[in-house]
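Close look at the chain arrangement
So the chains spell out like this:
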Amino acid sequence: MKNIAIFASGAGSNAENIIRYFQNHPNVHIDSVWSNKKDAYVLQRAANLGVESRYFTREQFIGSDQMIAELQLRNIELVVLAGFLWLVPPEFVDAFTVINIHPALLPAYGGKGMYGLIVHESVVRNREKESGITIHLVNKEYDKGEHLLQVKCPVFPDDTSETLAARIHELEYKFFPKAIEDYLIRNKSL
Ligand code: GAR
């Protein structure tokens, strides 16, 4: 079994979609969901689906080996960021393969502070004709790791950040779980 830990900071619709996708998978197990926000809805969603959910502080995440040790004890092979706000510290990137999803076509609209609706607000404000999703490996810089997959969608003149977010979410639900599975297959983990 390949054990995956999901990190998320918000509503967690991607986390739920990933949990459901792998629910009866023969080789992949979603071990746990971790959030840096105590009241993030993602923790409730995970618990409702029978997945252990955990809150952690900045002190536990950065400059301490405690979380890494715990994830290693759980035999976590892959950490998936599904709407996670913080930069992942270097020691984490050294210890695990980490995959992130970003709701735009990186390198555009990436970097610190570019999260969720803020990304879509900028895309709409700049009257872009297209946007999309980027699924990528995480390295030590925000949104700079190797791309695994990009998928585009149109941005219409009458889009708001909310209508664009909904279109992007549909792409995420369709492509993210499969991209995780494909990555594991490509790396001969499955
Ligand atoms: C998703 O659209 C994800 O791409 C984005 O946050 C949203 C979380 O939605 N991630 C980032 O912006 C990372 N910089 P969700 O909580 O409903 O899955």
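Please refer to the structure higher up on the page.
Structural notes, computed from the coordinates.

**Some thoughts on the overall build of the protein chain**
A tally of helices and strands in the protein chain yields seven helices and seven strands. A compact globule built from 190 residues should have a C-alpha radius of gyration of about 16 Å, and the protein chain, at 16 Å, falls within 12% of that. Looking at the protein chain as a whole, 51% of its 190 residues qualify as buried. Across the protein chain, contacts joining residues at least 24 apart in sequence account for 68% of those joining residues at least 6 apart.

**Overview of unusual backbone geometry**
Trans is the prevailing form of peptide bonds, just as negative phi is the prevailing case for residues other than glycine. Looking along the chain, the bond that leaves Leu106 and enters Pro107 is cis, with omega of 10°. At Asn75, a position not held by glycine, the phi torsion is positive, near 60°. Checked against the element boundaries, Asn75 lands in the loop between helix 4 (66-73) and strand 4 (76-81). Despite not being glycine, Tyr109 shows a phi value in the positive range, around 60°. Mapped onto the fold, Tyr109 is located in the loop between strand 5 (97-102) and helix 6 (117-125).

**A word on the site of the ligand**
Surrounding the ligand, one finds 13 residues, the nearest of these being Gly12, Ser13, Asn14, Gly116 and Glu172. Between the ligand and the protein, one listed contact pairs an oxygen atom with a backbone N or O atom of Asn14 at 2.8 Å. The contact in question runs from an oxygen atom of the ligand to an N or O atom on the side chain of Glu172, over 2.4 Å. Summarising the interface, the protein chains cover 93% of the accessible area of the ligand, which totals 450 Å² for the free molecule. For the shell around the ligand, the secondary structure elements donating two or more residues are helix 1 (13-21), strand 5 and helix 7 (161-186). In the shell around the ligand, the residues fall into five nonpolar, seven polar and one charged.

**Section: the pattern of salt bridges**
In the structure shown here, the tally under the stated rule is 13 salt bridges. In this structure, Lys140 engages Asp94 in a salt bridge whose closest nitrogen and oxygen atoms are separated by 3.0 Å. In this pair, Lys140 is assigned in the loop between strand 6 (130-137) and strand 7 (147-154) and Asp94 in helix 5 (residues 90-95), connecting sequence segments 46 residues apart. The salt bridge partner of Lys178 is Asp182, with a shortest N-O separation of 2.9 Å. You can see Lys178 and its partner Asp182 sitting in helix 7, four residues apart, about one turn around the helix. Take Lys178: its relative accessible area is 39%, and that puts it in the partly exposed class. Salt bridges sharing partners connect three or more residues here, namely Asp31, Glu52, Arg54, Glu70 and Arg74.

**A short note on the nonpolar core**
One finds Ile4, Ile6, Ile18, Phe176 and Ile180 to be the most contacted residues of the largest nonpolar core, which totals 40 residues. Looking at this core, the element that brings in the most residues is helix 7, giving eight residues. Excluding residues within four positions of it along the chain, Ile180 makes contact with Ile4, Ile18, Phe22, Leu78 and Val80. Counting residues in each nonpolar core, the second largest holds 19 residues, with Phe7, Phe56, Leu81 and Val138 among its members.

**Details of the side chain of Asn3**
Here Asn3 shows up in strand 1 (residues 2-7). Overall, the relative accessible area of 12% leaves Asn3 in the buried class. Apart from residues no more than four positions distant in its own chain, Asn3 is found in contact with His29, Asp31, Arg74, Asn75, Ile76, Glu77 and Leu78.

What counts and how
- Position numbers for residues count from 1 along each chain, tracking the sequence in the order it is written.
- Totals for whole chains, interfaces and linings use all residues, but because this is a predicted model, local features are given only for residues with pLDDT of at least 70 and pairs of side-chain atoms are given and counted only at 80 or more.
- For the side-chain quantities, the full set of heavy atoms in the structure was used; hydrogens and water were omitted.
- Elements are defined by DSSP. Helices are runs of H or I of four residues or more, strands are runs of E of two residues or more, and each kind is numbered from the N terminus.
- With the radius of gyration taken over C-alpha atoms, the globule rule is written as 2.2 Å times the number of residues to the power 0.38.
- The buried label goes to any residue with under 20% of its type's maximum accessible area, the exposed label to any with over 50%, and the partly exposed label to all in between, with areas taken from a 1.4 Å probe on protein chains only.
- Whether two residues touch is decided by their heavy atoms; if any such pair falls within 4.5 Å, the residues are in contact.
- Put simply, a residue is near a molecule or strand once any heavy atom of it comes within 4 Å of that molecule or strand.
- Pairs of N or O atoms within 3.5 Å make up the polar contacts considered here, provided that, within protein, one atom can donate a hydrogen while the other can accept it, and that residues adjacent in sequence are counted only when both atoms are side-chain atoms.
- Per-residue accessibility takes into account occlusion by the displayed protein chains alone, with areas from the Shrake-Rupley method and a 1.4 Å probe.
- Here the nonpolar group is Ala, Val, Leu, Ile, Met, Phe, Trp, Tyr, Cys and Pro; Asp, Glu, Lys and Arg are the charged ones; every other residue, Gly included, is treated as polar.
- Every case where a carboxyl oxygen of Asp or Glu lies within 4 Å of a side-chain nitrogen of Lys or Arg is listed as a salt bridge.
- Here the nonpolar core consists of buried residues drawn from Ala, Val, Leu, Ile, Met, Phe, Trp, Tyr and Cys, with membership extended through side-chain atoms lying within 4.5 Å.

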